[in-house]
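Residue-level structural notes
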Amino acid sequence: MRLAGRGGSEPPSPFPWSRPGCSSCPRWPRAFPDHVMVVATSSPVPHPGPAERPAGMALPALALLLAAGLLPTQASPLARSFQLDYEHNCFRKDGAPFRYISGSIHYARVPRPAWRDRLLKMYMSGLSTVQVYVPWNYHETLPGVYDFTGNRDVEAFLDLTAELGLLVILRPGPYICAEWEMGGLPAWLLWKPDITLRTSDPVYLAAVDSWLHVLLPKIKPRLYHQGGNIISVQVENEYGSYYACDSGYLRHLLGSFRALLGSEVLLFTTDSTRAEELRCGTLQGLYATVDFGPGSNVTEAFGAQRRVEPKGPLVNSEYYTGWLDYWGEAHASTSAAWVARGLEDILQLGASINMQVVSWQRAQPPGQWASPLAFIPLGSGQQGPYMFHGGTNFAYWSGADYKGQYKPVTTSYDYDAPLSEAGDPTEKLFAIRTVISKFQPLPVGPMPPATPKYAYGWVALRKHADLLDVLDVLCPSGPIQSQFPLTFESLKQVHGFVVYHTQLPWDVPDPATLDAPPHSICDRGYVMLQKEYQGTLERDGQTPLHIMGRAGDTLDILMENMGRISFGANTSDFKGLLGNLSLNSRPLSNWLIYPLAIDTAVQQGWPHAALPKSSSEGQVGPAFYTGTFETPGIAWDTFVKFPGWSKGLLWINGFNLGRYWTCRGPQQTLFVPGSVLHAGRPNNITVLELEGAPPAPLLLFLDRPLYNRTLGCSTMATE
């Protein structure tokens with residue numbers, strides 16, 4: 001084949017297995033690890049000396065990694081090693097040529113009681129390996145405050161993968177992207193507003209080092225050569241796509257990982273195939289892998305890897321099997337046939353690939369197929385997510401992209417992945433499993449079935465209180481006084497909501513424009529005058545808001561953080577009011593600011609343990625609604641729909657299930673894991689509706705999700 005942009009004679013192919021009739025291709029050993037854990041050390045195969053190195057962006061998902069052009073050798077049965085073989089361009093596990101087929105799963109997006117079910121289904125799909133992110137901000141919630149309990153028990157998750165016979169590719173960041181809040185970086189880093197993230201900034205490096213000294217000692221005993229099942233560890237993530245291009249930062253990380261994990265572990269980077277990203281994202285001592293997507297020329301794409309890694313296995317670290325959803329856009333879906341066909345073409349080449357999720361329609365016009373040899377769909381490093389099982393962005397953990405405008409990610413992280421949001425095998429999973437069976441034996445036994453679902457039906461709620469009437473409960477420490485608005489970060493508020501309260505300093509007899517400087521509404525502001533809802537100010541929004549009133553009238557703005565940007569140069573994504581509000585261009589001042597601790601109150605039993613308290617019978621504006629329901633002696637997974645509601649959050653039994661946004665869509669239901677519910681006793685429902693509830697506030701529990709419908713805010717849904 002001819003590399004793009006090169007003239008003259010055709011160069012020798014770096015991929016000999018792609019030639020028709022190649023008889024020297026090795027027969028690959030099955031990737032599932034044995035359960036004999038014998039610690040042994042061995043020296044790595046020497047690196048021939050890489051060319052100039054760079055980096056890029058990566059989002060782990062269906063990780064299908066395969067090595068190529070191997071000469072099989074007999075390994076000592078006692079040796080445990082996972083290495084690069086630069087002479088034969090392959091991975092070697094315990095000395096033998098090796099490739100792995102892997103899929104991404106995020107433990108933070110899956111309820112802990114469901115971990116085993118999801119991992120077992122991945123194993124039975126034919127995967128030998130799982131790719132796992134570790135979100136720093138999920139564990140170090142405040143500086144020096146660590147949480148590795150419950151759903152955050154990453155050690156328990158890794159031990160479970162080993163118990164089930166799965167290998168692990170670990171991606172501990174410190175930045176991970178993953179459409180996760182701030183790409184996994186803790187928002188408290190922004191408490192120092194001049195910090196420069198993902199660089200050699202001493203303040204940032206000190207925080208990184210402190211975190212790695214807590215995390216990596218938990219990882220080291222689980223490395224493959226130590227008797228564990230972690231075969232490789234990624235350093236940073238798609239760094240070449242970041243503006244800083246700070247090689248000193250990557251060298252610092254490399255030194256820290258080596259000091260804490262040792263010299264035996266395989267460390268790697270992932271970037272797109274763009275030359276400038278590979279220039280900035282790779283580093284001597286870190287094995288460089290690439291990612292590329294549908295419509296890419298496989299030879300040219302792997303040629304980009306060869307320019308920075310002349311020898312070693314070819315690896316596409318992100319092959320997308322689906323895509324994420326943004327609020328206000330159509331639900332992304334991907335053809336199972338397209339994914340399976342591309343996968344089979346790639347496996348026939350013998351290259352390494354990490355499956356991801358991307359909508360094939362973005363690469364090809366509907367109804368048109370690219371040549372399976374010239375264009376093979378292999379995950380785009382530019383566009384993000386991936387996933388064998390996506391799960392759910394519970395609570396406030398969904399991130400956002402910035403592509404000309406702020407684009408927050410939905411609560412569902414279904415991703416149109418092979419395993420659905422609820423963990424159910426899909427047509428795509430079975431299509432992938434069929435392809436894998438052509439290249440290696442599948443585990444013996446049936447695929448575990450879908451988890452049982454139950455439609456619990458209609459549940460009536462009642463209004464408990466307007467939000468402004470319960471500030472004493474939600475902000476027990478009282479307000480902070482400030483001449484001008486303060487950001488969430490200045491208030492040390494990580495997630496959720498803040499109320500900004502002031503009074504009109506003059507009479508406003510005619511409609512006056514309430515406005516803010518560009519990019520200073522982060523992300524949505526719900527405006528109340530004299531506790532009456534007036535409308536919403538929105539990030540990047542162009543719709544002006546007009547108000548009238550008298551001097552001394554109260555003006556409250558409830559600011560919502562919709563998720564910090566998780567990819568690109570905008571990870572310093574401050575929240576709240578970033579500038580002064582003005583009324584007809586005259587600035588407002590003298591603010592009382594209330595950081596709200598809603599989750600703390602709900603987890604402590606509020607509002608179900610309190611008497612209703614509302615100054616208004618109306619259904620418009622930010623307010624809390626409550627109700628209860630009982631299950632018929634079971635606690636099965638379900639999906640809750642919000643007919644006629646606008647936008648808000650849902651808690652059941654104190655567990656924050658995330659945001660709904662019925663009138664913007666596309667997601668119309670929230671996933672409710674059965675593990676959240678009580679069997680045989682009442683389940684407490686709390687809803688914070690931000691804009692307007694229906695006259696009859698009802699929820700509907702279904703046995704299936706609705707992902708791809710958008711209702712107008714004024715539409716009354718009926719069943």
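First, a word on scope: everything that follows refers to the structure included in this document. (Residues numbered from 1 in each chain as written. Predicted model: local features only at pLDDT ≥ 70, side-chain atom pairs only at ≥ 80, totals over all residues. Heavy atoms only, no water.)

1. Examining the overall build of the chain
Note the following rule: Starting at the N terminus, helices and strands are each numbered in turn, a helix being any DSSP run of H or I of at least four residues and a strand any DSSP run of E of at least two. Under the scheme applied here, a residue whose accessible area is under 20% of the maximum for its type counts as buried, over 50% as exposed, and between as partly exposed, the area being computed with a 1.4 Å probe on protein chains only. What makes two residues a contact is simply this: any of their non-hydrogen atoms within 4.5 Å. Residue-level accessible areas treat just the shown protein chains as cover; the underlying method is Shrake-Rupley with a 1.4 Å probe.
A count of helices and strands for the chain gives eleven helices and 36 strands. Considering the chain as a whole, with its 719 residues, one finds that 62% of them fall into the buried category. Considering only residue pairs separated by 6 or more positions, the chain has 81% of its internal contacts joining residues 24 or more positions apart. Surface accessibility of the chain: about 25,500 Å² in total, with carbon and sulfur atoms responsible for 53%.

2. Comments concerning the sheet that holds strand β3 (residues 96-98)
Heads up, the rule is: Two strands pair if DSSP finds at least two bridges between them. Each axis is a line fitted through C-alpha atoms, and for a helix only the stretch in contact is used; angles between axes span 0 to 180 degrees, taken between their N-to-C directions.
The three strands lie next to each other as β1-β2-β3, forming an open sheet whose pairing is antiparallel. Of all strands in the sheet, those with a lone pairing partner are β1 (82-85) and β3, marking the two edges. For this sheet, the mean inter-axis angle between neighbouring strands, taken without regard to orientation, is 45°. For strand β2 (residues 90-93) and β3, the ladder comprises three bridges, and the chain directions are antiparallel. Bridge pairing in β3 places F91 opposite F98.

3. Concerning the sheet that holds strand β27 (residues 582-583)
Think of a sheet as strands paired side by side through backbone hydrogen bonds, with each pair either parallel or antiparallel. Read across the sheet, four strands follow the order β24-β20-β27-β28 without closing on themselves; strand pairing throughout is antiparallel. The open sheet terminates on both sides in strands that have one partner only, identified here as β24 (545-549) and β28 (586-587). Bridge count for β27 against β28 is two bridges, and the pairing is antiparallel. When the bridges of β28 are listed, L583 appears paired with R586.

4. Things to note about the environment of D209
Definition in use: Polar contacts here mean pairs of N or O atoms no more than 3.5 Å apart (in protein, one a potential hydrogen donor and the other a potential acceptor; neighbouring residues in sequence count only if both atoms are side-chain atoms).
One can find D209 in helix α4 (residues 202-219). Using a relative accessible area of 19% as the deciding quantity, one classes D209 as buried. Apart from the residues within four sequence positions on either side, D209 is in contact with H252 and S256. Polar side-chain contacts of D209 include one of 3.4 Å to the side chain of S256.

5. Structural notes on the pairing of strand β30 (residues 623-629)
Buried residues dominate β30, accounting for six of its seven residues. Taken together, the four bridges between strand β17 (residues 462-466) and β30 define a ladder with antiparallel strand orientation. Looking at β30, one finds that R462 is bridged to T626. Bridge analysis of β30 against strand β35 (residues 683-689) gives seven bridges, and the strand direction is antiparallel. Bridging across to β35, Y625 finds its partner in V687.

6. Details of the packing of helix α8 (residues 336-349) against helix α9 (residues 427-437)
Heads up, the condition is: Working rule for angles: under 35 degrees goes down as roughly parallel, over 145 as roughly antiparallel, 65 to 115 as roughly perpendicular, anything else as oblique. Handedness of each helix crossing follows the sense of rotation of the near helix against the far helix: counterclockwise by less than a right angle gives left-handed, clockwise gives right-handed. When residue character is reported, Ala, Val, Leu, Ile, Met, Phe, Trp, Tyr, Cys and Pro are called nonpolar, Asp, Glu, Lys and Arg charged, and the others, Gly included, polar.
Running from N to C, α8 and α9 cross one another at 20°; their axes reach a closest spacing of 9 Å. The pairing of α8 with α9 is recorded here as roughly parallel in orientation. The handedness of the crossing between α8 and α9 is right-handed. Where α8 approaches α9, its residues A336, V339, A340, L343, E344 and L347 are matched on the opposing element by E427, K428, A431, I432 and V435. Among the residues making up the contact of α8 with α9, the classes are represented as eight nonpolar, no polar and three charged.

7. Considering unusual backbone geometry
Leaving glycine out, the prevailing phi sign among residues is negative, and the prevailing peptide bond configuration is trans. Between C522 and D523 the backbone carries a cis peptide bond, its omega angle lying at 15°. Take D523: it is sitting in the loop between β21 (521-522) and β22 (524-529). For the peptide bond that leads from G665 to P666, omega is 5°, which places it in the cis range. Along the chain, P666 turns up in the loop between β33 (655-660) and β34 (669-672).

8. What to know about the pairing of β2
In β2, alternate side chains face the same way, and those of C90 and R92 on one face and F91 and K93 on the other are all buried. Sheet topology note: the β1/β2 ladder contains four bridges and is antiparallel. Bridge pairing in β2 links L84 to F91. Here β1 folds back onto β2 in antiparallel fashion, the turn holding four residues, of which N89 has a positive phi close to 55°. Linking β2 back to β3 in an antiparallel pair, the connection comprises two residues, with D94 at a positive phi of about 55°.

9. Details of α8
Applied cut-off: For a helix, the expected span equals 1.5 Å multiplied by the residue count minus one.
For α8, built from 14 residues, the straight-helix expectation of 20 Å at 1.5 Å per residue is met to within 8% by its first-to-last C-alpha distance of 20 Å. Counted residue by residue, α8 has eleven buried out of 14 residues, so it is predominantly covered. Residues of α8 that are buried: A336, W338, V339, A340, G342, L343, E344, D345, I346, L347 and L349.

10. Examining the pattern of salt bridges
The condition that has to hold: The working definition used for a salt bridge is a side-chain nitrogen of Lys or Arg within 4 Å of a carboxyl oxygen of Asp or Glu.
Counted under the stated rule, the structure contains 30 salt bridges. One salt bridge connects K218 with E155, and the closest N-O pair in it is separated by 3.7 Å. Taken together, the residues span a long stretch of sequence, with K218 in helix α4 and E155 in helix α3 (residues 154-163) at a distance of 63 residues. Judged by relative accessible area, which is 24%, E155 ranks as partly exposed. It is possible to trace a salt-bridge network through shared partners that takes in E155, D159, K218 and R222.

Scope: geometric values only; no functional claims are made or implied.
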